[in-house]
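# Structural features, examined
Next come the chains, spelled out residue by residue.
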Amino acid sequence: MEVEVEETRLPGIGLRHDFVTAQGRRIGVISQRNGVRHVVIYDEEDSDACAATIELTSEESEVVAELLGAPRITERFAKLREQVEGLATDGLPIAPGSPFVNATLGDTAIRTRTGASVVAALRGDEVFASPTPDFRFRAGDRLIVVGTKDGVSAVRALLASG
Amino acid sequence: MNPTARLLLELGAVLFGLGAVGRFAGRIGLSPIPLYLLAGLAFGTGGLVPLQAPASFFATGSEVGVVLLLLVLGLEYTADELITNVRRQAPVGLLDLLLNGLPGAIFAAVLGWGPLAALAMFGVTAISSSGIISKVLTDLGRLGNRETPAVLSVLVIEDLAMAAYLPVLTALIAASSLVSAVYSVLVALGTLAVVLTIALRHGEGVTRFVGARSDDVLLLRVLGLALMVAGAAEAAHVSAAVGAFLLGIALSGDVAEHIRGLLGPLRDIFAAVFFVFFGLSTDPASLPSELLPAAVLAIVGVATKLVTGWIVGRRTGVGPAGRLRAGAALVARGEFSIIIAGLVGASVIPTFAPTVAAYVLMMAMLGPLAPRLVDPFARRLARQAAQRRPGPPAKKRPPDPRPEPSAEPPAR
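Residues numbered from 1 in each chain as written. Chains lettered and ligands numbered in written order. Predicted model: local features only at pLDDT ≥ 70, side-chain atom pairs only at ≥ 80, totals over all residues. Heavy atoms only, no water.

## Topic: the overall build of chain B
When its secondary structure is counted, chain B shows 17 helices and zero strands. What you see for chain B is a C-alpha radius of gyration of 23 Å, in line with the 22 Å of a compact globule of 412 residues. For chain B, restricting intrachain contacts to residue pairs at least 6 apart in sequence, the fraction spanning at least 24 positions comes to 81%. For chain B, the exposed area adds up to about 19,100 Å²; of that, 68% sits on carbon and sulfur atoms. A gap of 11 Å separates the mean positions of the 31 positive and 24 negative side-chain charges of chain B. (Helix = DSSP H or I, 4+ residues; strand = E, 2+ residues; numbered from the N terminus. Rg over C-alpha atoms; globule rule 2.2 N^0.38 Å. Contact = heavy atoms within 4.5 Å. Areas by Shrake-Rupley, 256 points an atom, 1.4 Å probe, with all protein chains shown as cover. Lys, Arg positive; Asp, Glu negative; His and termini not counted. Charge placed at Lys NZ, Arg CZ, Asp CG, Glu CD.)

## Regarding the packing of aromatic side chains
Throughout the structure, instances matching the rule amount to six aromatic pairs over all chains. For the pair phenylalanine 57 of chain B and phenylalanine 58 of chain B, a centre-to-centre distance of 5.7 Å together with 90° between the ring planes defines the contact as edge-to-face. What links up through ring pairs into an aromatic cluster is the set Phe128, Phe135 and Phe137 of chain A. (Phe/Tyr/Trp six-rings, centres within 6.5 Å; stacked < 30°, edge-to-face > 60°.)

## Observations regarding the interface of chain B and chain A
Chain B puts 35 residues into the contact, and the matching count from chain A is 28 residues. Taking both partners together, chain B and chain A bury about 2,600 Å²; carbon and sulfur atoms supply 48% of that area. The tally of links between chain B and chain A comes to six salt bridges. Arginine 33 of chain A is the salt-bridge partner of glutamate 81 of chain B, the closest N and O atoms lying 2.6 Å from each other. Scanning the region where chain B abuts chain A turns up 12 residue pairs in polar contact (both at pLDDT 80 or more). Secondary structure elements with two or more residues in the side of chain B that touches chain A: helix 4 (79-110), helix 7 (148-174), helix 12 (253-280), helix 14 (320-329) and helix 17 (375-388) of chain B. Each residue belonging to the side of chain B that touches chain A can be placed in one class, and the counts come to 11 nonpolar, eight polar and 16 charged. (Buried area = accessible area lost by both parts, 1.4 Å probe. Salt bridge = Lys/Arg side-chain N within 4 Å of Asp/Glu carboxyl O. Polar contact = N/O pair within 3.5 Å; in protein donor to acceptor, adjacent residues only side chain to side chain. Nonpolar A, V, L, I, M, F, W, Y, C, P; charged D, E, K, R; others polar.)

## Regarding the side chain of serine 239 of chain B
Position of serine 239 of chain B relative to the elements: it lies in the loop between helix 10 (215-235) and helix 11 (240-250). Among all residues touching serine 239 of chain B, those that are not within four sequence positions of it are Leu166, Thr170, Ala233 and Glu234 of chain B.

## Details of a nonpolar patch on the surface
On the surface, Leu94, Leu98, Leu102, Ile106, Val110 and Leu111 of chain B cluster together into a nonpolar patch covering about 570 Å² of accessible area. By secondary structure assignment, the location of isoleucine 106 of chain B is in helix 4. (Patch = residues over 30% accessible without salt bridge, like charges linked within 9 Å, V, L, I, M, F, W, Y side chains within 5 Å.)

## Observations concerning the nonpolar core
If you look at the biggest cluster of nonpolar residues, it comprises 128 residues, and the most contacted ones within it are Leu70, Met121, Leu251, Ile340 and Phe352 of chain B. A total of 13 residues in this core trace back to one element, the largest contributor, which is helix 7 of chain B. Excluding its chain neighbours within four sequence positions, the residues that come into contact with phenylalanine 352 of chain B are Trp113, Ala117, Ala120, Met121, Val124, Ala341, Val344 and Gly345 of chain B. Core analysis: the second largest hydrophobic core is formed by 18 residues, Leu105, Ile110, Ala121 and Leu158 of chain A among them. (Core = buried A, V, L, I, M, F, W, Y, C linked by side-chain atoms within 4.5 Å. Buried < 20%, exposed > 50% of the residue type's maximum accessible area, 1.4 Å probe, protein only.)

## Digging into helix 7 of chain B
All names here are of chain B. Taking 1.5 Å as the rise per residue, helix 7 with 27 residues should run 39 Å; its terminal C-alpha atoms sit 38 Å apart, in good agreement. At alanine 163, helix 7 shows its maximal bend, which comes to roughly 30°, and the proline proline 167 appears one to four places after that position. Within helix 7, 21 of the 27 residues are buried, leaving the element largely enclosed by the surrounding structure. (Expected span 1.5 Å × (residues − 1). Bend = angle between axes of the 7 residues up to and from the residue.)

## Some thoughts on the sheet that holds strand 5 (residues 50-56) of chain A
Residue and element names in this part refer to chain A. The strand order across the open sheet built from five strands is 1-2-3-4-5, with neighbouring strands paired in antiparallel fashion. Looking along the sheet, the strands with just one partner apiece sit at the ends: strand 1 (6-10) and strand 5. Each strand of the sheet is rotated relative to its neighbour by a mean of 20°, with strand direction disregarded. Looking at chain direction, strand 2 (residues 14-20) and strand 3 (residues 26-32) are connected through seven bridges and run antiparallel. Paired with aspartate 18 across the strands is glycine 28, a residue of strand 3. (Pairing = 2+ DSSP bridges. Axes fitted to C-alpha atoms, helices over the stretch in contact; angles between N-to-C directions.)

## Some remarks on the packing of helix 13 (residues 288-315) of chain B against helix 16 (residues 352-373) of chain B
Residue and element names in this part refer to chain B. Look at helix 13 against helix 16: their axes get within 8 Å of each other, and the N-to-C directions meet at 45°. It follows from the interaxial angle that helix 13 and helix 16 lie oblique. Regarding helix 13 and helix 16, the two cross each other, and that crossing is right-handed. Seen from helix 13, the contacting residues are Glu290, Leu291, Ala294, Ala295, Leu297, Ala298, Gly301 and Val302; seen from helix 16, they are Pro354, Thr355, Ala358, Tyr359, Met362, Met363 and Leu366. When grouped by side-chain class, the residues that make up the contact of helix 13 with helix 16 number 12 nonpolar, two polar and one charged. (Parallel < 35°, antiparallel > 145°, perpendicular 65-115°, else oblique. Left-handed = near helix turned anticlockwise from the far one by under 90°.)

## A closer look at the pairing of strand 2 of chain A
All names here are of chain A. As defined by bridge partners, strand 1 adjoins strand 2 across five bridges and the pair is classed as antiparallel. Bridge pairing in strand 2 links glutamate 7 to histidine 17. Hairpin connection of strand 2 to strand 3: five residues between the antiparallel strands, including glycine 24 at a positive phi of 90°.

## A short note on the pairing of strand 9 (residues 142-147) of chain A
Residues and elements named next belong to chain A. Across the six residues that make up strand 9, a large majority, five, are buried. Two elements, strand 6 (residues 88-93) and strand 9, share six bridges in a ladder whose sense is antiparallel. Pairing of leucine 92 across the sheet is with leucine 143, part of strand 9. Note: strand 7 (residues 117-123) against strand 9, five bridges, orientation antiparallel. Within strand 9, the residue paired with leucine 122 across the bridge is arginine 142.

## Section: the sheet that holds strand 8 (residues 126-129) of chain A
Residue and element names in this part refer to chain A. Read across the open sheet, the four strands follow the order 6-9-7-8; overall the sheet is antiparallel. Each edge of the open sheet is held by one strand with a lone partner, namely strand 6 and strand 8. Pairwise comparison of adjacent strand axes, ignoring direction, gives a mean angle of 20° for this sheet.

## Observations regarding the environment of glycine 114 of chain B
Considering the arrangement of structural elements, one finds glycine 114 of chain B in the loop between helix 4 and helix 5 (115-126). The spatial distance from the C-alpha of glycine 114 of chain B to the C-alpha of arginine 333 of chain B is 23 Å, given a sequence separation of 219 residues.

This is the structure:
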């Protein structure tokens, strides 16, 4: 079912997004301009009032987002791992200091240099499946790499130091 | 004792005392503003402990306080927000101003204070305190409530209306004859239009102009620019407060957010000085006789804001409980009423400032209380509305069955 999220501006504060769940409860998130988020749970009896508001720093909200959004990715990941014995998979980060920030997948020549393949890239909660050679990395991306155990470690070393 | 020692001791004692008072106010969920005013009354001439320190220090501090209050308020808004808000909510804003301002004007007329004081009292009773209200909404965890956007947009319109109202009032006070009054109002509004256009259209340029890498440089640049803009605005009879507000609007993006953080503590100190100074310059002996008229004004002021909130809430589609909460949230009056009283001073009517002082004391105290007081009533309204709603009321619905545990074994 499509979730219909309502967006409301809060002048001087930021934005509020809220929707009614399948169970009939209203839940929302207030995004302040300074990165602070509030998770808002509305009252059952009076759906205009909030019953609880929890303030989250930007780091904390990332954790919550990861907890809520990540299982799907990890589940898929776990399945992939099971499917082929002897094949190693890992999620490797493009650290902010990596020489490949802003480089393309083609620039890294990962497959020719290590034998391992990049099957997906994760950026925030976006998933780029089978990225093409012109896919451009950003700091903070995670690459899902498949290959032999040695191949995957070689990719890890390559991403860190070039 | 030498004068420096005396000044430092007294200033220190006042600030320390305000800190204690502020802490007390925070504990019982009140706004510190009425307590700052009372502290000012106590330290002023004719008060409990008159200060010896030169009044010029507090006078300057108070002016800086106004500039900082309005600068930070302006920083909260983006030009884009202001424009969309005015387009959508203009009728509501007009209704709010008339409904709340007219009682003030009528009050002044009944007391025979003359047209200028009537215009000033219009502003004193019309404009809610955005400072108190946004603090209360945050403290009570009501930012997420569905009536809150309506409350905030009323505040935005009031703040913008203020930017047009203050120059007119300043110009009228400065003018000596009808012709010069019309002339200076036109000059003031012309200047306002020019500055507002710069703020709205060229905000990025202004932001780049003050932008700096290090915090201390940024702080000095912004504060310096704000004081210069405020001074120039005052010279053009646009009023210092409005100049600072417009500069705040012009600054935008991440820089504005960053400056807000930097200026916050400074604003808090000087805003406290501003409220204390207003108390200092009011003679406590003149207060008791104004309490009764101010109380009448306060009762009307609460009622008209409740009506405003009800109408605004209904327009944005919230239920009766939300409408009541919106009205209660809007009750607080504070900094703007005092800025207006400061502009008028004793030049027009001697009892003007004490009346406003008594009025703001009451309204700033009621402001944070009203949302808490109406809560039980709001709950009752919500329950009634829920029962009237077609279909099973939310409360009586049987709990949904838990989803069946997945038949598949967990992937491992």
